[in-house]
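Single-letter residue listing:
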Amino acid sequence: MADVGTLNTTVAGIDAVAPRLGEGPSGAKPRPALSSRNIMLYGTLTIAALYYLLPLYVMVVTSLKGMPEIRLGNIFSPPMEITFEPWVKAWAEACTGLNCDGLSRGFWNSVRITVPSVIISIAIASVNGYALANWRFRGSELFFSILIIGAFIPYQVMIYPIVIILREIGIYGTLTGLVIVHSIFGMPILTLLFRNYFVSLPEELFKAARVDGAGFWQIFLKIMLPMSLPIFVVAMILQVTGIWNDFLFGVVFTRPDTYPMTVQLNNIVNSVQGVKEYNVNMAATILTGLVPLIVYFVSGRLFVRGIAAGAVKG
Amino acid sequence: MTGQAQAGRPNKLLRNLNAKIASIPMILTALVIFVGGTFWTVFYSFTNSKLLPRLSFVGIDQYERLWAAPRWVTAIENLALYGVLSLIFSLVIGFMLAALMDQKIRFENTFRTIFLYPFALSFIVTGLVWQWVLNPDFGIQSVVRSMGWTSFTFNPLYTPEIVIYGILIAALWQGTGLVMCLMLAGLRGIDEDIWKAARVDGIPMWKTYLLIVIPMMRPVFITTIVIIASGIVKVYDLVVAQTSGGPGISSEVPAKYVYDYMFQAQNLGQGFAASTMMLVTVAIIIVPWAYLEFGGGRKRG
């Protein structure tokens, strides 16, 4: 089976190269702008870019049309008459099951899930990583190895035992239960991230603090934390996007009135009853994708770092 | 776990207690959820649990029933086809995009942003968008028909034989950006002098890529393959959003089979057996990878 060393090299490999992604062109002087090679190069890239942008364009355009216009035309034609009604409807009126208060309910559920999950999982994982880097004890590496191998086990294998545990505690179907689940499954990759980061800090720093008589928590709070802002930001991006986009845990561990946004979105769009309102569906889809998209555009290169380090989590 | 400090670190003795207390969540997760949960599920896959888990053992009955179920066989076939194709295509497309991006182009940031943004979106969002783009009455098919080819048919999501390709298109749209990023990072790690040397020797560019650069990028490729493969086994949301497994059972995947049997059909035993098979699949991916990393890697020095 995979062990810690392997994964370390994997993630370390990404860590080493990820910062270089942003390096701009350097070296040889530019060739003439309109060579046939350049036309090929930019042509191919532009066509590829259009392919990636197309669905976004279709989403936006559809969400701004009225239903009669959708029935008449094709999905690529721009709206003749822009209307924001689908957006209002998606946010406040669309029905899922018995509730007809739109995505707003799912949005606030997702916020109430994401915020504590991110804080708790990062708090636990950063302390774990710190303990593993600086305060190893007998067995700590073993638990860590289990944790990392666990990251590869399909969630489906562990889901039912968790359902039983949460049911026994009496929090199955609540947001609290889901927050715990996210904290558990965020642990492997975040712990790895923090452990590698803390290992990379100069050991003298830690030793000097020890000599000065600082203890476990003191060193963590006063020395390690202030030095690790970048890795905290990376972990936060990873968790916010990951938890916001989650569907499986949401659908297993919550009930209709506590559904996160992704689950509610799927129920709105794929509900079988009634007329399909494609414009409302697309507005709802954009609304659900908005939070991770904003995180992506605002965080830029840090997103790449976080996702590359966390991609094993899937 | 007594308070013994690890050998070679003399300054830590019994005072490591704080670290142990702080590690309790990790220890619990590792032991209870990852080890305990996994063994629990494997254990109960040998029972005939229905609505509730119960301890009446039936041997490998559940597995026999599983492999006799057309729905499971379809799910496995879909996963195999989808897995192989998405592995090949995402590596090829990701590498080609990265190679193009590595040609000292202008607007590199813009292109990278465009190629990667789908990865920020959830599989549910991806699935719903592509469900719309591939909609036969309004999407690509209707557009091409309105341009004159009235017999043009491109309707993957409602055609059982090709529905898995419809899902593949969406999956590639979502995931190739990440592969491109990893590959680009790998290419940037290749020494500039290698290119110069190849140029001096008059080796054509494609040959340099194929014979020198790609072999040098072996670690990046392995990492990428492991990342893609572990995502493939878990594919669930995308199918739910795009087709709900339909038409019929033609886009069924193992992860969905597990969910449906555990939480909808109230047939826990089947769900456990199916999820154990997923675990086996992952082990089949991980073991050769670990072997490559250690066995193969060491020999090469």
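Just above, that's the structure.
Please read these numbers as outputs of a predicted model, since none were measured by experiment.

Now for the overall build of chain A. In terms of helices and strands, chain A carries 15 helices and 0 strands. Counting all 314 residues of chain A, 56% fall into the buried class. For chain A, restricting intrachain contacts to residue pairs at least 6 apart in sequence, the fraction spanning at least 24 positions comes to 72%. Working note: accessible area of chain A is about 13200 Å², and carbon and sulfur atoms make up 68% of it.

Tallying secondary structure elements over chain B gives 14 helices and 0 strands in all. Reading the helices (α) and strands (β) of chain B from amino to carboxyl end gives α-α-α-α-α-α-α-α-α-α-α-α-α-α. Expected size for 301 residues packed as a compact globule is a radius of gyration near 19 Å; at 24 Å, chain B overshoots this value by more than 25%. In terms of its C-alpha atoms, chain B occupies a principal-axis envelope of roughly 65 × 65 × 35 Å. Of all 301 residues assigned to chain B, the portion counted as buried reaches 54%.

This part takes up the pattern of salt bridges. Scanning the model with the defined rule gives 12 salt bridges over all chains in all. Notably, a salt bridge pairs A:Asp101 with A:Arg105, separated by 2.9 Å at the nearest N-O pair. Note on A:Asp101: relative accessible area 26%, which makes it partly exposed. Residue classification places A:Arg105 among the partly exposed residues on the basis of a relative accessible area of 24%. Salt-bridge contacts for B:Lys104 lead to B:Glu192; the nearest nitrogen and oxygen are separated by 3.5 Å. Here B:Lys104 is found in the loop between helix H4 (70-101) and helix H5 (108-120), whereas its partner B:Glu192 is found in helix H9 (residues 192-200), with 88 residues between them in sequence. Classification of B:Lys104 as partly exposed rests on a relative accessible area of 34%.

The next subject is the nonpolar core. Membership of the largest hydrophobic core comes to 192 residues, with the highest contact counts inside it found for A:Tyr130, A:Phe185, A:Phe198, A:Phe253, B:Tyr82, B:Phe115 and B:Met217. By residue number, the principal contributor to this core is helix H8 (residues 163-188) of chain B, which donates 16 residues. Contact partners of B:Met217, with chain neighbours within four places excluded, come to B:Phe95, B:Met183, B:Gly186, B:Leu187 and B:Ile190.

Glancing now at the interface of chain A and chain B. Taken together, the contact between chain A and chain B spans 109 residues of the former and 102 residues of the latter. In total, chain A and chain B occlude about 9400 Å² of area from one another, counting both sides; carbon and sulfur atoms represent 74% of this. Taken together, the links from chain A to chain B amount to 0 salt bridges. Applying the counting rule to chain A against chain B returns 13 residue pairs in polar contact (both at pLDDT 80 or more). Of the residues forming the side of chain A that touches chain B, the biggest block, 16 residues, is contributed by helix H2 (residues 36-63) of chain A.

For helix H3 (residues 61-68) of chain B, the set of buried residues is B:Gln62, B:Tyr63 and B:Leu66. When H3(B) is viewed along its axis, its buried side chains cluster within an angular range of 95° and face the same direction.

Moving on: the environment of B:Arg112. All names here are of chain B. Mapping arginine 112 onto the fold places it in helix H5. On the basis of relative accessibility, which here comes to 7%, the residue arginine 112 falls in the buried class. Each C-alpha atom, one on arginine 112 and one on leucine 292, is 31 Å from the other, the two residues being 180 residues apart in sequence.

All right, on to the packing of aromatic side chains then. Aromatic rings considered in pairs are described by the distance between their centres and by the relative angle of their planes. Under the defined criterion, the tally for this structure stands at 49 aromatic pairs over all chains. Their ring planes at 85° and their centres at 5.3 Å tell us that B:Trp40 and B:Phe272 sit as a pair that is edge-to-face. Placement of the pair is B:Trp40 in helix H2 (residues 24-44) and B:Phe272 in helix H14 (residues 268-300), with a sequence separation of 232 residues. For B:Trp40, a relative accessible area of 22% gives the class partly exposed. For B:Phe272, a relative accessible area of 0% gives the class buried. Look at B:Phe95 and B:Tyr209: their rings are 5.7 Å apart centre to centre, the planes differ by 85°, and that puts the pair in the edge-to-face class. Placement of the pair is B:Phe95 in helix H4 and B:Tyr209 in helix H10 (residues 205-216), with a sequence separation of 114 residues. Of the two residues, B:Phe95 and B:Tyr209, both sit in the buried class. A network of ring pairs unites the aromatic residues A:Tyr130, A:Trp135, A:Phe194, A:Tyr197, A:Phe198, A:Phe206, A:Phe216, A:Trp217, A:Phe220 and A:Phe232 as a single cluster. One Lys or Arg, A:Arg167, reaches over the ring of A:Tyr172 and ends 5.5 Å from the middle of that ring.

The rules behind these values
- Residues numbered from 1 in each chain as written.
- Chains lettered and ligands numbered in written order.
- Predicted model: local features only at pLDDT ≥ 70, side-chain atom pairs only at ≥ 80, totals over all residues.
- Heavy atoms only, no water.
- Helix = DSSP H or I, 4+ residues; strand = E, 2+ residues; numbered from the N terminus.
- Buried < 20%, exposed > 50% of the residue type's maximum accessible area, 1.4 Å probe, protein only.
- Contact = heavy atoms within 4.5 Å.
- Areas by Shrake-Rupley, 256 points an atom, 1.4 Å probe, with all protein chains shown as cover.
- Rg over C-alpha atoms; globule rule 2.2 N^0.38 Å.
- Salt bridge = Lys/Arg side-chain N within 4 Å of Asp/Glu carboxyl O.
- Core = buried A, V, L, I, M, F, W, Y, C linked by side-chain atoms within 4.5 Å.
- Buried area = accessible area lost by both parts, 1.4 Å probe.
- Polar contact = N/O pair within 3.5 Å; in protein donor to acceptor, adjacent residues only side chain to side chain.
- Arc of directions from axis to C-beta.
- Phe/Tyr/Trp six-rings, centres within 6.5 Å; stacked < 30°, edge-to-face > 60°.
- Lys NZ or Arg CZ within 6 Å of the ring centre and 35° of its normal.

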